[in-house]
Amino acid sequence: ETGVTQTPRHLVMGMTNKKSLKCEQHLGHNAMYWYKQSAKKPLELMFVYSLEERVENNSVPSRFSPECPNSSHLFLHLHTLQPEDSALYLCASSQDYRVEQYFGPGTRLTVT
Amino acid sequence: DQQVKQNSPSLSVQEGRISILNCDYTNSMFDYFLWYKKYPAEGPTFLISISSIKDKNEDGRFTVFLNKSAKHLSLHIVPSQPGDSAVYFCAASGPNAGNMLTFGGGTRLMVKP
């Protein structure tokens with residue numbers, strides 16, 4: 001595998017379910033990100049893990065919980081989501097403070 | 001309030017002609033700008049970037065122009081090819097933003113054969 005991979009590519013879940021999105025980067029980067037892309041809206045940064053620090057967008061609801069066990073893996077744990085959380089969730093990585101971020105293919109999430 | 005705006009949601013261009021995609025920003029602290037291209041069912045891919053110390057950066061068929069006084073940047077694709085059909089996002093970053101990028105809403109480019 002090369003680049004940034006994400007699993008699953010598609011996910012349908014009910015509002016009471018708990019699921020996790022997984023991201024893995026094979027680029028040797030030390031920063032990873034979660035973005036949300038809703039229809040007709042700009043990409044919205046949700047969380048950043050950089051050099052073992054976490055930065056989060058304060059507008060992200062607590063039903064989204066990130067986990068970064070090491071510099072290559074990133075998870076987004078989901079619980080009690082709402083239909084408006086349906087979106088494309090993109091993972092990205094970068095090296096240090098270079099701003100060129102490399103994106104995975106995304107997980108298309110549908111909350112029913 | 002969107003700090004990075006792409007006011008044209010779509011653009012249609014004939015193959016071989018020039019495509020010009022525009023982007024405006026409001027935050028004067030932004031000093032690094034990037035363009036990404038996104039195909040359906042794929043994540044965005046980095047295309048080209050420019051630092052605020054420059055006003056032009058060129059890479060093959062792609063050129064980005066930066067007008068700091070107008071807080072405006074544009075991406076020129078010459079000549080346009082059908083494979084360039086995608087959604088193009090501009091993004092910006094500032095010295096205090098660390099790794100964080102602020103994205104525009106995207107412009108869908110359609111290059112017709």
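Residues numbered from 1 in each chain as written. Chains lettered and ligands numbered in written order. Predicted model: local features only at pLDDT ≥ 70, side-chain atom pairs only at ≥ 80, totals over all residues. Heavy atoms only, no water.

Draft legend 1. Geometry of the interface of chain B and chain A. Facing 20 residues of chain B, the contacting portion of chain A comprises 22 residues. Both faces considered, chain B and chain A share a buried interface measuring about 1,600 Å² in area, 64% of it formed by carbon and sulfur atoms. Counting the contacts that link chain B with chain A gives zero salt bridges. Here chain B and chain A share four residue pairs in polar contact (both at pLDDT 80 or more) between them. Counting only elements with at least two residues in the side of chain B that touches chain A, the list comes to β4 (32-38), β5 (45-51) and β9 (86-93) of chain B. Per-element tally for the side of chain B that touches chain A: the top contributor is β4 of chain B, with four residues. When grouped by side-chain class, the residues that make up the side of chain B that touches chain A number 10 nonpolar, eight polar and two charged. (Contact = heavy atoms within 4.5 Å. Buried area = accessible area lost by both parts, 1.4 Å probe. Salt bridge = Lys/Arg side-chain N within 4 Å of Asp/Glu carboxyl O. Polar contact = N/O pair within 3.5 Å; in protein donor to acceptor, adjacent residues only side chain to side chain. Helix = DSSP H or I, 4+ residues; strand = E, 2+ residues; numbered from the N terminus. Nonpolar A, V, L, I, M, F, W, Y, C, P; charged D, E, K, R; others polar.)

Draft legend 2. Summary view of the state of the cysteines. One pass over the full model with this rule turns up two disulfides over all chains. The partner cysteine of C23 of chain A in its disulfide is C91 of chain A, sulfur to sulfur 1.9 Å. Measuring the twist about the S-S bond at about -70 degrees, one finds the C23 of chain A-C91 of chain A disulfide to be left-handed. Placement of C23 of chain A in strand β3 (residues 18-25) and of C91 of chain A in strand β9 (residues 87-94) is noted, with a sequence separation of 68 residues between them. Take C23 of chain A and C91 of chain A: they sit in the same class, and that class is buried. Bridging C23 of chain B to C90 of chain B, the disulfide has an S-S length of 1.9 Å. The sign of the S-S torsion, about 60 degrees, decides the handedness of the disulfide formed by C23 of chain B and C90 of chain B: right-handed. With C23 of chain B in strand β3 (residues 19-25) and C90 of chain B in strand β9, the pair connects residues that are 67 residues apart, well separated along the chain. Here C23 of chain B matches C90 of chain B in class, with each residue buried. C68 of chain A carries a free sulfur, and the closest cysteine sulfur to it, the one in C91 of chain A, is 8.9 Å from it. Using a relative accessible area of 23% as the deciding quantity, one classes C68 of chain A as partly exposed. (Disulfide = S-S within 2.5 Å. Buried < 20%, exposed > 50% of the residue type's maximum accessible area, 1.4 Å probe, protein only.)

Shape is all these values report; function is a separate question.
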